[in-house]
Every structure is written in structure tokens, then in C-alpha cells.
Amino acid sequence: MDGLLFRRLWTVLERAKREEEVSKECIFIRECTIHPDLFVVSANDRQLQGLAQFCTSPKEFCVFGIGPIFNIFGRNISLTVTTYRNLKLENKQNGKPPELIGPLLMRQST
């Protein structure tokens, strides 16, 4: 990982840590490792509760979606977006539950 990218990532991690100290409800970075490769899992409490409620219940079940992988920063860093449907809500236009963003996964491959 080059120096500029490392400094940017470090700045984001420091800011997230300061926000966590203010309120546990602000926790967004759930996992972060930088050695041997960068790996970050980001999710807020609402996303995790939604996954638990709608992707694990045999009575009300939706598919946990994994979107396309995006290459970011022009390097070997990829971002994966996950999704799930909130089965308690309904889109009035199509009558289906809305698709919401779940945890984000960022990793660097060497």
C-alpha cells in the first residue's frame, strides 16, 4: 500500500474511532486489518439489525445480495456492496419491499 493511500485510510480510521468515543451508535467500521492486505468491513447497527431480521428468519426471509465489485483508487482495492430488502416496508410504485444497502466490504489484493 503506498504512503498517500495509507495516510488517507489512517485518517478515516482515526475519525471513526473519535466518533465511536462520542456514541456507540456511531460505530461504522466493524473490522479493519492492514497486514498482510487491507480488509475493512463497514456497517452501522441498523444495517446489521436489518440483516438479522430479514435474512435469517424462516418466517420472513429475503435474499442477502452481493453486488458487483468496484475497483477504487486506481489500485488493487475493491469495494463490494451488499443489499437486503426491508420486508416491513412497501414501495407504492411496484408493491415490493425496498432494497437497502447492507455492509460494505473493502479489500486490497496483491
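## What to know about the environment of Glu99
Here Glu99 is to be found in strand S5 (residues 99-108). Overall, the relative accessible area of 48% leaves Glu99 in the partly exposed class. Not counting residues within four places of it along the chain, the set of residues in contact with Glu99 comprises Thr83, Tyr84 and Arg85. Here Thr83 takes part through its side chain, which lies 2.8 Å from a polar atom of the side chain of Glu99.

## Some remarks on the nonpolar core
The nonpolar side chains of a soluble globular protein tend to be buried, and buried together. Judged by nonpolar contacts, Leu9, Ala16, Ile29, Leu38, Val40, Ile77 and Met106 together constitute the single largest core of seven residues. Core analysis: the next-biggest nonpolar cluster, separate from the first, contains five residues, Leu51, Phe54, Cys55 and Tyr84 among them.

## So, the confidence of the model for the chain
Put simply, the chain has an average pLDDT of 85, and 94% of its residues get 70 or more. Ranking the elements of the chain by mean pLDDT puts helix H1 (residues 3-22) last, at 76, and helix H2 (residues 45-55) first, at 93.

## Description of the layout of surface pockets
Considered as a void within the structure, the second largest pocket measures approximately 150 Å³ in volume. Where the lining of the second largest pocket is concerned, the elements lending two or more residues are H2 and S5. Here the element with the most residues in the lining of the second largest pocket is H2; it accounts for six residues. In terms of residue class, the lining of the second largest pocket is made up of four nonpolar, five polar and one charged.

Parameters and conventions
- Residues numbered from 1 in each chain as written.
- Predicted model: local features only at pLDDT ≥ 70, side-chain atom pairs only at ≥ 80, totals over all residues.
- Heavy atoms only, no water.
- Helix = DSSP H or I, 4+ residues; strand = E, 2+ residues; numbered from the N terminus.
- Buried < 20%, exposed > 50% of the residue type's maximum accessible area, 1.4 Å probe, protein only.
- Contact = heavy atoms within 4.5 Å.
- Polar contact = N/O pair within 3.5 Å; in protein donor to acceptor, adjacent residues only side chain to side chain.
- Core = buried A, V, L, I, M, F, W, Y, C linked by side-chain atoms within 4.5 Å.
- pLDDT = per-residue confidence, 0-100.
- 1 Å grid on protein atoms, 1.4 Å probe; cavity = no way out; pocket = protein on both sides within 12 Å on 5 of 7 lines; lining within 4 Å.
- Points joined across faces, edges and corners; volume = space filled by probe spheres on them.
- Nonpolar A, V, L, I, M, F, W, Y, C, P; charged D, E, K, R; others polar.

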